[in-house]
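So the chains spell out like this:
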Amino acid sequence: MFNVIFLLPVYNESRSIYDLCLEISRLIKNKKIYCQVIIVNDASKDDSLTWIKKAQKEVKNYKITLFNHKENKGLKGALNTGLNALRKILKEDDIVVMMDGDNTHNPYLVENMIQKHREGADLVIASRYCEQSRIKGVSLWRIFLSWGAKWLYRIFWRIKGVKDYTCLFRSHRAAIIKQLLDDFSGEDILQQDSFACTTELLNKLSKSGKLEWIITEVPMLLDYTKKVGTSNVNILSTIITSLKIMIKKV
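For the structure given in this document, a descriptive report is provided here. (Residues numbered from 1 in each chain as written. Predicted model: local features only at pLDDT ≥ 70, side-chain atom pairs only at ≥ 80, totals over all residues. Heavy atoms only, no water.)

**Considerations on the sheet that holds strand β4 (residues 95-98)**
Strand order in the open sheet formed by seven strands is β3-β2-β1-β4-β7-β5-β8, and the pairing between neighbours is mixed. Taken across any chain shown, the strands that pair with only one partner, and hence form the sheet edges, are β3 (63-68) and β8 (215-219). Ignoring which end each strand starts from, the neighbouring axes of this sheet average 20° apart. When strand β5 (residues 123-127) meets strand β7 (residues 170-173), the two strands line up antiparallel, connected through three bridges. (Pairing = 2+ DSSP bridges. Helix = DSSP H or I, 4+ residues; strand = E, 2+ residues; numbered from the N terminus. Axes fitted to C-alpha atoms, helices over the stretch in contact; angles between N-to-C directions.)

Have a look at this one:
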C-alpha cells in the first residue's frame, strides 16, 4: 500500500480543481493506493475556493487539506506553503506528487510513476518529450517555446535523466523531499517568480543530499481542453526569469 500525497497549487482554476479532485478519487477507488491531497489556494479571485470546499464535502475516500492564502504569493509561494506543510506529515514510505491544479495533468499517470519508484527511481517526471507523449489544446507558439527551453536547459544544466525541465507534474520519494527540507530548514525553498520556480525546484532537488538521485521520466498526456478559463502563465516573464536562472544555475 502506497501513501501518495498530492500537492496542488491553485490560482483561478474554478471548476477545474473540483474535476481534478474527482479524477483522483476515481483513480484510487480500485487501486491499492492510499492518498491525501494538499491544496494551496493562492488568493484566487474567482470561485475556486467554492469548488475546493465542494470537493472537501463530496470526496469520501481521501482527505483534502486546504491552505488558503489571503494575499497572492505566486506559484513559488503556493509551493513553499505546500512544502512547509510536508515537514510535519511526511513519512519514510510516502510519495509526493506535484501537479497543476487545472486538471490538464492526467492523474492516472501516477500509476506509471509509482512503478518507476518500485524500480528504484527517486524522482519521476511526466515528460512532454518522451516518444509516447501526447499534447492537446496547446498553441504552436507555446509548443515552440517549450522545445526551445528544453534544449537550452539540456545544454546549460545537463541533469541526468531529464528532458522536461519545466513541467511541474512530478513524483518524489519521501527521502528526496526530506533532504531538500533539511537543506533549507527554516526558510522558503523557492525564490524565483512565475513558473520558473518549477525549474528552480528541480535543480535544487537534483543537488540536494550526498548521493546522486535517480531521475527518470514517463510519457505525458497533457490536455489543455480540460482547463476552465484562461492560462495563468505570463510567457514573457517566464522566459526572462528562466534565462536568468539557467545561466546562474540557482
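**Some thoughts on the packing of helix α6 (residues 174-183) against helix α7 (residues 197-207)**
As a packed pair, α6 and α7 sit with axes 9 Å apart at the nearest point and diverge in direction by 95°. Taken as axis vectors, α6 and α7 run roughly perpendicular relative to one another. Contact with α6, carried on its side by Ile176, Ile177 and Leu180, involves Leu201, Lys204 and Leu205 of α7 and no other residues of that element. Here the contact of α6 with α7 is built from residues that sort into five nonpolar, no polar and one charged. (Parallel < 35°, antiparallel > 145°, perpendicular 65-115°, else oblique. Contact = heavy atoms within 4.5 Å. Nonpolar A, V, L, I, M, F, W, Y, C, P; charged D, E, K, R; others polar.)

**Comments concerning the side chain of His69**
Assignment of secondary structure puts His69 in the loop between β3 and α3 (74-89). Separated by 2.7 Å, the side chains of His69 and Thr81 make a polar contact. Beyond its immediate chain neighbours, meaning those up to four positions away, His69 contacts Val40, Asn41, Asp42, Ala43, Gly77, Ala78 and Thr81. (Polar contact = N/O pair within 3.5 Å; in protein donor to acceptor, adjacent residues only side chain to side chain.)

**Here's the deal with the packing of helix α1 (residues 15-29) against helix α2 (residues 48-58)**
Close contact between α1 and α2 brings their axes to 7 Å; oriented N to C, the two are set at 20°. Here α1 is positioned roughly parallel relative to α2, judged by the angle of their axes. The way α1 lies across α2 gives a crossing that is right-handed. Facing Arg15, Ile17, Tyr18 and Cys21 of α1, the residues of α2 in contact are Ser48, Trp51, Ile52, Lys54, Ala55 and Glu58. Partitioned by chemical class, the residues of the contact of α1 with α2 number six nonpolar, one polar and three charged. (Left-handed = near helix turned anticlockwise from the far one by under 90°.)

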